[in-house]
Amino acid sequence: MGKRIMVAVIFIPLLLVLFYLISPAYPWALCLLIAGLSMIAVHEVLWSTGFLKHTRISGYSIILAGLIPFWVYYDGRPLPALCGLFVYVVLLFAEAIASHKRLSLEKLGGAFFLTVVIPFFLSSFLRIRQMEHWEPLLILPLVAAFISDAFALFAGMAFGRHKLAPELSPKKTVEGAVGGFVGTVVCTVLYGVLLRFAFGYTVNYLYLALYGALGSAISQMGDLSFSYIKRQYGIKDFGNIFPGHGGVLDRFDSVIFCAPLIELLLRFLPAVGGA
């Protein structure tokens, strides 16, 4: 527990520094961060699980995962995406043909799915960065995901009695899930109060409460989804980059699901307007 708290105390301020001190002057720095996290995450999920320990395919996958955020950053035009995916798919099947049927379609499909979905979902931060009045919006996926994780952890420790999904994550409880849900709604609304009265933004508190409710729910689903992968392959963590937390995927599993949801909500139900 001590390691988890220490890492959070150090890592979260570093993210905020990058988002709000470096990103405005050097917007490509955020793109570089998302690309790096995506590449590490794809490497972790392919190798730690033993799902696809194939050096060349892993290399192709890691490269594509790093390129997708840059494609999003440079306006996401369809032609570069078509070129990249075409080359990647051709290389996958070239390796499959050369393997004399040792590489199954399941392996190829799983590699393709994870390689595209993880960086594309994380790139929601880059799309939010391109929105008008992006400054108060950029951390909303982190607020929803990390606050949900924290409140679920502490509520589960204090009140947890009923297991939520014991076959996937034995320590998660129904009480913890409810605590994460309620805590996220409250903190998201309080964030709106801060934006309104400290910075003068126009705020729709009902929409922000909805962000918190749906964000917590999808964050917990993201956590359980990657726990499903870990349990299927009999591993505890995807990596060990963050002491007490595991790897990039162990820390950002909830964010991977939460970021695109918050992006969609911001587009269709905008909760924060200009100051």
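Bear in mind that the values here come from a model prediction, so they are computed numbers and not experimental data. (Residues numbered from 1 in each chain as written. Predicted model: local features only at pLDDT ≥ 70, side-chain atom pairs only at ≥ 80, totals over all residues. Heavy atoms only, no water.)

Q: Teacher, can you tell me more about the confidence of the model for the protein chain here?
A: Chain-level pLDDT for the protein chain is 89 on average; 90% of the residues reach the 70-or-more range. Taking the mean pLDDT of every element in the protein chain, the minimum, 60, falls on helix α1 (residues 2-22) and the maximum, 96, on helix α8 (residues 174-199). (pLDDT = per-residue confidence, 0-100. Helix = DSSP H or I, 4+ residues; strand = E, 2+ residues; numbered from the N terminus.)

Q: Honestly, the pairing of strand β2 (residues 169-173) in this entry has me stumped. Any pointers?
A: Note on strand geometry: in a regular strand, side chains alternate between the two faces of the sheet. Relative to β2, strand β1 (residues 163-165) runs antiparallel, the two sharing two bridges. The residue of β2 that forms the bridge with Ala-165 is Ser-169. Hairpin connection from β1 to β2: three residues lie between these consecutive antiparallel strands. (Pairing = 2+ DSSP bridges.)

Q: Before we go on, may I ask you to explain the UniProt feature "transmembrane region" (unreviewed entry) in the protein chain in this structure?
A: Using the residue numbers shown here, the UniProt feature "transmembrane region" (unreviewed entry) corresponds to residues 5-21, 57-73, 79-98, 110-126, 138-159, 180-199 and 205-226. Along residues 79-98 the backbone is 100% helical and 0% strand, and the end-to-end C-alpha distance reaches 29 Å. As a span, residues 180-199 carries 100% helix and 0% strand, and end to end its C-alpha atoms are 27 Å apart. (UniProt positions renumbered as here; feature names shortened; annotations may be inferred.)

Q: For this particular structure, what's the right way to read the packing of aromatic side chains?
A: For any pair of aromatic rings, the description rests on two quantities: the centre-to-centre distance and the angle between the ring planes. Under the counting rule described, the total for this entry stands at seven aromatic pairs. Ring geometry for Tyr-73 versus Tyr-74: centroids 4.8 Å apart, planes at 80°, classification edge-to-face. Judged by relative accessible area, which is 21%, Tyr-73 ranks as partly exposed. Considering the side-chain rings of Phe-226 and Phe-238, the 6.1 Å spacing of their centres and the 85° angle between planes classify their relative orientation as edge-to-face. Here Phe-226, found in helix α9 (residues 205-232), pairs with Phe-238, found in the loop between α9 and α10 (248-268); they are twelve residues apart in sequence, far enough to count as distant. (Phe/Tyr/Trp six-rings, centres within 6.5 Å; stacked < 30°, edge-to-face > 60°. Buried < 20%, exposed > 50% of the residue type's maximum accessible area, 1.4 Å probe, protein only.)

Q: Just to check I follow, could you spell out helix α7 (residues 140-159) for this structure?
A: Side chains of residues three or four places apart in an α-helix project in the same direction, reflecting 3.6 residues per turn. For α7, built from 20 residues, the straight-helix expectation of 28 Å at 1.5 Å per residue is met to within 8% by its first-to-last C-alpha distance of 27 Å. The set of residues buried in α7 consists of Leu-140, Pro-141, Leu-142, Val-143, Ala-144, Ala-145, Phe-146, Ser-148, Asp-149, Ala-152, Ala-155 and Gly-156. (Expected span 1.5 Å × (residues − 1).)

Q: Before we go on, may I ask you to explain a nonpolar patch on the surface in this structure?
A: On the surface, Leu-164, Val-174, Val-178, Phe-181, Val-182, Val-186, Leu-190, Val-193 and Phe-197 cluster together into a nonpolar patch covering about 770 Å² of accessible area. Considering every element that reaches the nonpolar patch, the biggest residue donor is α8, with eight residues. (Patch = residues over 30% accessible without salt bridge, like charges linked within 9 Å, V, L, I, M, F, W, Y side chains within 5 Å. Areas by Shrake-Rupley, 256 points an atom, 1.4 Å probe, with all protein chains shown as cover. Salt bridge = Lys/Arg side-chain N within 4 Å of Asp/Glu carboxyl O.)

Q: Mind showing me how you'd approach α9 here?
A: In this model α9 runs 40 Å from its N-terminal to its C-terminal C-alpha over 28 residues, within 8% of the 40 Å that 1.5 Å per residue would give. Of the residues flanking the start of α9, the one acting as N-cap is Asn-204, its side-chain oxygen 3.1 Å from the backbone nitrogen of Leu-206. Just past α9, the residue Gly-234 takes up positive phi, approximately 65°. (Polar contact = N/O pair within 3.5 Å; in protein donor to acceptor, adjacent residues only side chain to side chain.)

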